Amino acid sequence: MPNKEFVVAEVKEIIKGYFDEQDKLEAASSKYKVPLTSRLYNEDEVAEVVETLLSPERLTLNSASSDLKIEKFEEQFSGFIGVKNGIMMNSGSSADLAAFFVLTNPTIKNRLLPGDEVIVPAVNWNTSIAPLYALGLRPVFVDVDLKNYGMNIDQVRLAISPKTKAIMVIHLVGFPVDMDSIMAIAREHNLFVIEDTCESPGAEWNGKKVGSFGDMSTHSFYLSHHITTIEGGMLMTNNDEFAELARIIRSQGIMRNVKSQAYKDNFNSKYPDIDPLFLFTNVGYNFRPTEMEGAFGIMQFRKFGDYLNTRINNAMDLNSRLAKFSEYLILPVNDDNRVKCSWFFYPLMLKENVKFTVKDVTSFLEKNGIETRPVMSGDFTRHPVFSLFEHRIVGDLKNTKLIHKNGFFIGIHAGIGDKERDCVVSCFEEFFKNK
Ligand SMILES: Cc1ncc(COP(=O)(O)O)c(C=O)c1O
């Protein structure tokens, strides 16, 4: 019988050959020359997944193994962000939900109660807001800034009421929100801060990575994100109590993945008649990733630095080469030296007074092989889901409305290089030629 290393090496070689051929075919036949996302994994990840599947005793978080790939990836990624605990989940949406299950849990001091308010930006993602609806909390929508698509600090201050208990920051499109101001407001009013960092791993505010400021942060490894486990996410926190609770909530309410032996001993001694492996110590769901996602994660993490640099270089190049169209376009140029952006997509906005619409531009780009999409939710208050639940809006959401009407994204990921950027620039040249 061939040994495992041999099988994995053989598979890796075959997969490499397959992807090499597939890349050539795709280059000739694909609909888009500049797609929003492309395959950013190769034989490395596939071989690591195959190696995992050849160890059936070690496929889930329920395995007795002490060297799970999930846990290794948790350590690597939370170490990179600079947070003590990383708890991998099966999606960023699950991480958002788990964060609010933690904050509303009866074991938490100052927990959030139904009717309490959470301040959120009006440009967002549905699953960052849905946990509030699910738990009877009231989202309070505030406007965003045009320079970073993140919540406007003055509007956050205006949004505070006696019911406010938390701020849900969303670092959108790779831009960091001003976390010094957010944390100062939170300290002043005794609020929890959750940072949805699903779009912005590696972004920094004032020299510190976003996702490391608040009480908890959430991260996504969906296919189109900076690194991927296909589907996957992570909750991070420096608070050990929150971390243990998140591990329990992730795993059906059992304490198998809890780190603290004292926590386990305490419950075991109080409930000697219940098998500790099946003792439900708190509420629980199933937000668990599998070892396959863990395997993907550790291989992708090795590539993260290069991927991030490519995104940054792509953005810098487009910013300088598209500057000549600033009569028509608002470019994502941010000259605040406290900002380091990690560029989820490349966001563009049409100036208010131009004589053409976003549809005119995006149709032209699409026709010429450049894939486009809206700026995340755009104005969330325009979506059908918005009117189904209780909420409050602060101010006139002027910038949110402008982003909704005039904003769009093109791709900027690690699969984009000189050729693709040239294509983008010449396509804009063509579009603006007769304007
Ligand atoms: C801001 C934000 N939060 C949460 C999510 C959800 O992440 P996932 O797709 O991993 O569930 C996304 C997805 O793109 C997102 O953009």
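The coordinates are above.
Residues numbered from 1 in each chain as written. Predicted model: local features only at pLDDT ≥ 70, side-chain atom pairs only at ≥ 80, totals over all residues. Heavy atoms only, no water.

Draft legend 1. Quick peek at the site of the ligand. In the neighbourhood of the ligand, 16 residues make up the surrounding shell, with Gly-92, Ser-93, Asp-196, Glu-199 and Ser-220 lying closest. Between the ligand and Ser-93, the relevant distance is 2.5 Å, taken from an oxygen atom to a side-chain nitrogen or oxygen of the residue. Contact between the ligand and Glu-199: an oxygen atom at 2.6 Å from a side-chain N or O atom of the residue. Coverage of the ligand by the protein amounts to 92% of the 390 Å² it exposes when considered alone. Broken down by element, the shell around the ligand gets its largest block of residues, 3 residues, from helix H4 (residues 92-103). Its residues placed into classes, the shell around the ligand shows 5 nonpolar, 8 polar and 3 charged. (Near = heavy atom within 4 Å. Polar contact = N/O pair within 3.5 Å; in protein donor to acceptor, adjacent residues only side chain to side chain. Areas by Shrake-Rupley, 256 points an atom, 1.4 Å probe, with all protein chains shown as cover. Helix = DSSP H or I, 4+ residues; strand = E, 2+ residues; numbered from the N terminus. Nonpolar A, V, L, I, M, F, W, Y, C, P; charged D, E, K, R; others polar.)

Draft legend 2. Geometry of the layout of surface pockets. In this structure, the largest pocket spans a volume of roughly 750 Å³. In this structure, the largest pocket is lined by 26 residues; those nearest its centre are Asp-23, Glu-26, Ala-27, Ser-38 and Gly-415. Going through the elements one at a time, helix H1 (4-29), helix H10 (291-321) and helix H13 (418-432) are the ones with two or more residues in the lining of the largest pocket. Top element by residues in the lining of the largest pocket is H1. It accounts for 8 residues. Counted by class, the lining of the largest pocket contains 9 nonpolar, 6 polar and 11 charged residues. (1 Å grid on protein atoms, 1.4 Å probe; cavity = no way out; pocket = protein on both sides within 12 Å on 5 of 7 lines; lining within 4 Å. Points joined across faces, edges and corners; volume = space filled by probe spheres on them.)

Draft legend 3. Region of the structure containing the environment of Asn-314. Within the element layout of this structure, Asn-314 appears in helix H10. For the pair formed by Asn-314 and His-413, sequence separation is 99 residues and the distance between their alpha carbons is 8.1 Å. A polar contact is formed between the side chain of Asn-314 and the backbone oxygen of Ile-412, at a distance of 3.2 Å.

Draft legend 4. Representation of the pattern of salt bridges in the model. Tallying each qualifying case throughout the model produces 32 salt bridges. The salt bridge partner of Arg-392 is Glu-117, with a shortest N-O separation of 2.8 Å. One end of the pair, Arg-392, is in strand S14 (residues 392-393); the other, Glu-117, is in strand S2 (residues 117-121), with 275 residues separating them in the sequence. Arg-392 gets classed as partly exposed once you look at its relative accessible area, which sits at 26%. On the basis of relative accessibility, which here comes to 2%, the residue Glu-117 falls in the buried class. (Salt bridge = Lys/Arg side-chain N within 4 Å of Asp/Glu carboxyl O. Buried < 20%, exposed > 50% of the residue type's maximum accessible area, 1.4 Å probe, protein only.)

Draft legend 5. Region of the structure containing the state of the cysteines. Summed over all chains, the structure comprises 0 disulfides. Of all cysteine sulfurs in the structure, the one in Cys-427 sits closest to Cys-423, which takes part in no disulfide; the separation is 6.2 Å. (Disulfide = S-S within 2.5 Å.)

Draft legend 6. Representation of the nonpolar core within the structure. One finds Ile-182, Tyr-346 and Phe-428 to be the most contacted residues of the largest nonpolar core, which totals 89 residues. With near-sequence residues (within four places) excluded, Ile-182 lies in contact with Met-151, Ile-153, Val-156, Ile-167, Val-169, Val-177 and Val-193. Of all hydrophobic cores here, the second largest spans 36 residues; its members include Val-120, Leu-235, Ala-246 and Phe-287. (Core = buried A, V, L, I, M, F, W, Y, C linked by side-chain atoms within 4.5 Å. Contact = heavy atoms within 4.5 Å.)

Draft legend 7. Inspection of the sheet that holds strand S1 (residues 85-89) at higher detail. An order of S1-S9-S8-S5-S4-S2-S3-S14 is seen for the 8 strands of this open sheet, with the pairing classed as mixed. Both edges of this open sheet fall to S1 and S14, since each of them pairs with a single strand only. The sheet contact formed by S1 and strand S9 (residues 233-237) spans 5 bridges and is antiparallel. Counted as the bridge partner of Gly-86 is Met-236 from S9. Its contacts with the sheet place H4 against S1, S2, strand S4 (164-170), strand S5 (192-196), strand S8 (216-220) and S9, and it is angled at close to 165° to S8. Contacting S2, strand S3 (138-142), S4 and S5, helix H5 (residues 126-134) crosses the sheet at an angle of about 145° to S3. (Pairing = 2+ DSSP bridges. Axes fitted to C-alpha atoms, helices over the stretch in contact; angles between N-to-C directions.)

Draft legend 8. Quick look at the packing of aromatic side chains. Under the defined criterion, the tally for this structure stands at 34 aromatic pairs. Between Tyr-41 and Phe-296, the ring centres sit 5.3 Å apart and the planes meet at 65°, which makes this aromatic pair edge-to-face. Of the two residues, Tyr-41 sits in the loop between H1 and helix H2 (43-53) while Phe-296 sits in helix H10, which places them 255 residues apart along the sequence. When the ring of Phe-141 is compared with that of Phe-386, the centres are 5.3 Å apart and the planes differ by 65°; the resulting orientation is edge-to-face. Taken together, the residues Phe-141 in strand S3 and Phe-386 in the loop between strand S13 (372-373) and S14 connect sequence positions 245 residues apart. Here a set of aromatic residues connected by ring pairs shows up, and it is made of Phe-325, Tyr-328, Phe-356, Phe-364, Phe-428, Phe-431 and Phe-432. Between Arg-39 and the ring centre of Tyr-41, over which it is positioned, the NZ or CZ distance is 5.9 Å. (Phe/Tyr/Trp six-rings, centres within 6.5 Å; stacked < 30°, edge-to-face > 60°. Lys NZ or Arg CZ within 6 Å of the ring centre and 35° of its normal.)

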